[in-house]
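Listed here are the chains, written in short residue letters.
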Amino acid sequence: MNKNLHHYLNHHLAGSLGAVRLIEHLIDTVDEPEARDFFVQLKVEVEEDQELLKGLLTSAGMDTSTSIHIAGEIAGRVGFLQFMWEGFEPRGLGLFEGLEILALGIQGKRLLWLALSEIEFLIPEWRDVDFARLEREALSQRNNVERWRIEAARDTLRFERAV
């Protein structure tokens, strides 16, 4: 077993737990039905990715790391407190920053799939996993989150000069 690979996969799994929590708050916060529908679907897709990561770990003879998950859970909660402090309502800085963190996390997932595509030949159980498709899906997810992040930037960071 490769300890680095084990930790890497578990770190991404832990990060996805924080992403799901963040997406759940986005679903409850956004006021546009189109955005809410997108985040509901994104939550389903991230949860599917979690199951895939668990399957990759298992098929490679590795387990999920409880300590890494607990650390990820704590980090996710602490980070979320910052978003709440800044205001996680529409046009709040917390919402904008939460979308930014989510976009960065999805980009990280995209890079995960790219990295795994480079080593899949070493793990016979992974040869049927379409890492290229997963990378394209992550790119699409990130681009869609980016759309909502830019809209939030316009609402949140608007600057008006005092006359």
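What counts as what
- Residues numbered from 1 in each chain as written.
- Predicted model: local features only at pLDDT ≥ 70, side-chain atom pairs only at ≥ 80, totals over all residues.
- Heavy atoms only, no water.
- Phe/Tyr/Trp six-rings, centres within 6.5 Å; stacked < 30°, edge-to-face > 60°.
- Buried < 20%, exposed > 50% of the residue type's maximum accessible area, 1.4 Å probe, protein only.
- Helix = DSSP H or I, 4+ residues; strand = E, 2+ residues; numbered from the N terminus.
- Lys NZ or Arg CZ within 6 Å of the ring centre and 35° of its normal.
- Contact = heavy atoms within 4.5 Å.
- Core = buried A, V, L, I, M, F, W, Y, C linked by side-chain atoms within 4.5 Å.
- Expected span 1.5 Å × (residues − 1).
- Axes fitted to C-alpha atoms, helices over the stretch in contact; angles between N-to-C directions.
- Parallel < 35°, antiparallel > 145°, perpendicular 65-115°, else oblique.
- Left-handed = near helix turned anticlockwise from the far one by under 90°.
- Nonpolar A, V, L, I, M, F, W, Y, C, P; charged D, E, K, R; others polar.
- Salt bridge = Lys/Arg side-chain N within 4 Å of Asp/Glu carboxyl O.

Novice: Give a detailed account of the packing of aromatic side chains, specifying residues and quantitative values.
Specialist: On inspection of all chains with the given rule, the structure shows three aromatic pairs. Consider the rings of Phe-38 and Phe-39, whose centres lie 4.9 Å apart with planes at 70°: the pair is edge-to-face. Here Phe-38 matches Phe-39 in class, with each residue buried. Here Trp-113 and Phe-131 contribute two aromatic rings whose centre-to-centre distance is 6.1 Å and whose plane-to-plane angle is 40°, an arrangement assigned as tilted. On the criterion of sequence distance, the pair formed by Trp-113 in helix H4 (residues 93-119) and Phe-131 in helix H5 (residues 131-156) is long-range, its members being 18 residues apart. Among the aromatic residues, those joined into a cluster by ring pairs are Trp-113, Trp-126 and Phe-131. A cation over a ring is seen here: Arg-147 above Trp-148, with NZ or CZ 4.2 Å from the ring centre.

Novice: Outline the side chain of Thr-156, listing residues and values.
Specialist: Looking at where Thr-156 falls in the secondary structure, it is placed in helix H5. Owing to a relative accessible area of 19%, Thr-156 belongs among the buried residues under this scheme. Apart from the residues within four sequence positions on either side, Thr-156 is in contact with Arg-91, Gly-92, Leu-93 and Phe-96.

Novice: Help me get a handle on the nonpolar core, residues and values and all.
Specialist: The nonpolar side chains of a soluble globular protein tend to be buried with one another. Counting residues in each nonpolar core, the largest one holds 38 residues, and the members touching the most others are Leu-9, Phe-39, Leu-42, Leu-102, Trp-113, Leu-116 and Val-145. When residues of this core are traced back to their parent elements, those giving at least two are helix H1 (3-29), helix H2 (33-59), H4 and H5. Those residues in contact with Phe-39 that lie beyond four places of it in its chain are Ile-23, Leu-26, Ile-27, Val-30, Leu-99, Leu-102, Val-145 and Trp-148.

Novice: Tell me about H2, residues and numbers included.
Specialist: Think of an α-helix as 3.6 residues a turn; residues three or four steps apart then line up on the same face. Between the first and last C-alpha of H2 there are 39 Å, a value that for 27 residues agrees with the 39 Å anticipated at 1.5 Å per step. Within the span of H2, buried status applies to Ala-35, Phe-38, Phe-39, Leu-42, Val-46, Asp-49, Gln-50, Leu-53, Leu-56 and Leu-57. Positive phi shows up at Gly-61, right after H2, with a value of about 75°.

Novice: Provide a residue-level description of the packing of H1 against H2, including the pertinent values.
Specialist: Running from N to C, H1 and H2 cross one another at 160°; their axes reach a closest spacing of 9 Å. With respect to their mutual orientation, H1 and H2 come out roughly antiparallel. Both H1 and H2 take part in a crossing whose hand is left-handed. A class-by-class count of the residues in the contact of H1 with H2 yields 14 nonpolar, five polar and five charged.

Novice: An account of the pattern of salt bridges is needed here, citing residue identities and associated values.
Specialist: Going through the model one piece at a time under the given rule, you end up with ten salt bridges. The closest approach of N and O atoms between Arg-149 and Glu-100, which form a salt bridge, is 2.8 Å. Placement of Arg-149 in helix H5 and of Glu-100 in helix H4 is noted, with a sequence separation of 49 residues between them. A cluster of three or more residues bridged by salt bridges with shared partners is formed by Glu-24, Lys-43 and Glu-47.

Novice: Can you lay out the packing of H4 against H5 for me, pointing to particular residues and giving the numbers?
Specialist: Interhelical geometry of H4 versus H5 gives an angle of 165° and a closest axis separation of 8 Å. Taken together, the axes of H4 and H5 lie roughly antiparallel to each other. Classified by chirality, the crossing of H5 by H4 is left-handed. Residue composition of the contact of H4 with H5, by class: 17 nonpolar, four polar and seven charged.

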